[in-house]
Amino acid sequence: MQLVRPTRAHLPGYVAALERGWSPSHSRGAAEAHEALARIAQDTDGFLALMDDAQARGPAVTLPDGTLRPRIPGLQRWIWDDAAGDPGFAGSIGLRWMKDGAPLPPHVLGHIGYAVVPWKQRRGLATRALALMLPIARAQGLHEVEITTDPDNRASQRVITANGGVLVETFDKGEPYGHQRGLRFRIELARATLPGPGLTPA
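A. Broad picture of helix α4 (residues 125-139). Between the first and last C-alpha of α4 there are 22 Å, a value that for 15 residues agrees with the 21 Å anticipated at 1.5 Å per step. Downstream of α4 by a residue or two, G141 has a phi angle that is positive, lying close to 95°.

B. Structural view of the pattern of salt bridges. Considering all chains together, one arrives at 15 salt bridges under this definition. As a salt-bridge pair, D52 and R5 come within 3.7 Å of each other at their nearest N and O atoms. You can see D52 sitting in strand β2 (residues 52-53) and its partner R5 sitting in the loop between β1 (2-4) and α1 (11-19), a full 47 residues away along the chain. With a shortest N-O distance of 3.9 Å, D53 and R71 are connected by a salt bridge. Taken together, the residues D53 in strand β2 and R71 in the loop between β4 (68-69) and β5 (74-81) connect sequence positions 18 residues apart. Among the charged side chains, a network of salt bridges with common partners joins E144, E146, E169, R184 and R186.

C. Structural view of the packing of aromatic side chains. Applying the stated criterion to the full structure yields seven aromatic pairs. Ring geometry for Y14 and W22: centres 5.9 Å apart, planes at 80°, overall edge-to-face. In terms of burial, Y14 and W22 fall into one category: buried. For the ring pair W80 and F89, a centre distance of 6.4 Å and an interplane angle of 70° mean the geometry is edge-to-face. In this structure, W80 and F89 share a single accessibility class: buried. Aromatic ring contacts, followed pair by pair, group Y14, W22, F47, W78, W80 and F89 into a single cluster.

D. Quick peek at the pairing of strand β8 (residues 144-149). Most of β8 sits out of view: five of its six residues are buried. Pairing geometry for β8 and strand β10 (residues 181-188), over six bridges, is antiparallel. Note on β10: the bridge partner recorded for T148 is R184.

Criteria and cut-off values
Residues numbered from 1 in each chain as written. Predicted model: local features only at pLDDT ≥ 70, side-chain atom pairs only at ≥ 80, totals over all residues. Heavy atoms only, no water. Helix = DSSP H or I, 4+ residues; strand = E, 2+ residues; numbered from the N terminus. Expected span 1.5 Å × (residues − 1). Salt bridge = Lys/Arg side-chain N within 4 Å of Asp/Glu carboxyl O. Phe/Tyr/Trp six-rings, centres within 6.5 Å; stacked < 30°, edge-to-face > 60°. Buried < 20%, exposed > 50% of the residue type's maximum accessible area, 1.4 Å probe, protein only. Pairing = 2+ DSSP bridges.

Nothing here speaks to function; it is all geometry.
Below is the structure:
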């Protein structure tokens, strides 16, 4: 598998996944998927441009409770499965950061978030995608990344720990997330391994 920069060439697979009910956001679910489809229909090039937004020039971000927060620098990559017989779009993974290494705002739940389409889960794609994203995070000047997940999401916890993640704390996600509990993991990028054979960062 590989991480690809979102382009028009890969867009049909992304759109098809959204239309099948997949969402790139665990916290906003179907609302995020519907908004993405609307933005693509209205301004495809503008939507794709926001997939690499290191200057945080995009619009405000909508949180699960409907409140808006300023966008922070970030980028998205699409997980592309090269498996024989079933190639194509497999999910997305995003990286967010603050300039000058400042801590993330409280409403931003981690530097990295990922979502694999249900019909390609349990194939190790999220684990490999995270491994590919770590060198990209390091290239942005980050020395460590925080990743959060839910206490009952064992699969996501295994993805994180397989990439060197260490559980830091259980925390309250705050009012925008209904004060749900979360687990915060940390990965030191100096210890992160480079991608293995057949894995390609982009």
